[in-house]
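# Close look at the chain arrangement
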Amino acid sequence: QVQLVESGGGWVQPGGSLRLSCAASGSIFRFTTMGWYRQLPGQQRELVASVTVGGMTNYLDSVKGRFTISRDIAKNTVWLQMTSLKPEDTAVYYCNVVPLREGYWGQGTQVTVSS
């Protein structure tokens, strides 16, 4: 009954935009900082952005000014609005709590940025 489901990924050209959604099942997520993580091909998982219960946000330096994280606690939903996408943003994107819990990983959603 504790579940995270990511959606919204796909293929986009450089400079394009995508909006990722994370649907969380379980009241526990209302009391925690949420984050978007990604795993680039051949690299380790990294935290891209986070948002606290109070709405404070933090971002990986490489995505500042391009990505925006937001949440609706009542709807148990977290979004990642991505603009000015670059090929180096290509990765599988996941949502999870911060700090992460291994047992909460969903399937992730693939983002591919290429011409």
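See the structure shown above.
Attention here is on the structure that accompanies the text. (Residues numbered from 1 in each chain as written. Predicted model: local features only at pLDDT ≥ 70, side-chain atom pairs only at ≥ 80, totals over all residues. Heavy atoms only, no water.)

This part is about the sheet that holds strand E8 (residues 77–82). Read across the open sheet, the four strands follow the order E1-E3-E8-E7; overall the sheet is antiparallel. The sheet is open, and its two borders are formed by strand E1 (3–7) and strand E7 (67–72), each paired with just one other strand. Neighbour to neighbour, the strand axes of the sheet diverge by 15° on average, direction disregarded. (Pairing = 2+ DSSP bridges. Helix = DSSP H or I, 4+ residues; strand = E, 2+ residues; numbered from the N terminus. Axes fitted to C-alpha atoms, helices over the stretch in contact; angles between N-to-C directions.)

Summarising the element assignment, valine 48 is placed in strand E5 (residues 45–51). As for valine 48 and threonine 83, which are separated by 35 residues in sequence, their C-alpha atoms are 14 Å apart. The residues contacting valine 48, other than those within four sequence positions of it, are Trp36, Tyr37, Arg38, Asn58, Tyr59, Leu60, Val63, Phe67 and Tyr93. (Contact = heavy atoms within 4.5 Å.)

The full count for this structure, using the stated rule, is one disulfide. Across the disulfide from cysteine 22 sits cysteine 95; the S-S distance is 2.0 Å. When the S-S torsion is 65°, as for the bridge of cysteine 22 with cysteine 95, the disulfide is right-handed. With cysteine 22 in strand E3 (residues 18–25) and cysteine 95 in strand E9 (residues 91–97), this residue pair connects regions lying 73 residues apart in the sequence. A relative accessible area of 0% means that cysteine 95 is categorised as buried. (Disulfide = S-S within 2.5 Å. Buried < 20%, exposed > 50% of the residue type's maximum accessible area, 1.4 Å probe, protein only.)

On to empty space enclosed by the protein. Following the criterion strictly, the structure yields one cavity of 30 Å³ or more and no others. Estimated volume of the largest cavity: approximately 30 Å³. Around the largest cavity, the lining residues are Ala24, Phe29, Met34, Arg71, Asp72, Ile73, Asn76, Thr77 and Val78. Mapped onto the lining of the largest cavity, the elements with two or more residues apiece are E7 and E8. In the lining of the largest cavity, the residues fall into five nonpolar, two polar and two charged. (1 Å grid on protein atoms, 1.4 Å probe; cavity = no way out; pocket = protein on both sides within 12 Å on 5 of 7 lines; lining within 4 Å. Points joined across faces, edges and corners; volume = space filled by probe spheres on them. Nonpolar A, V, L, I, M, F, W, Y, C, P; charged D, E, K, R; others polar.)

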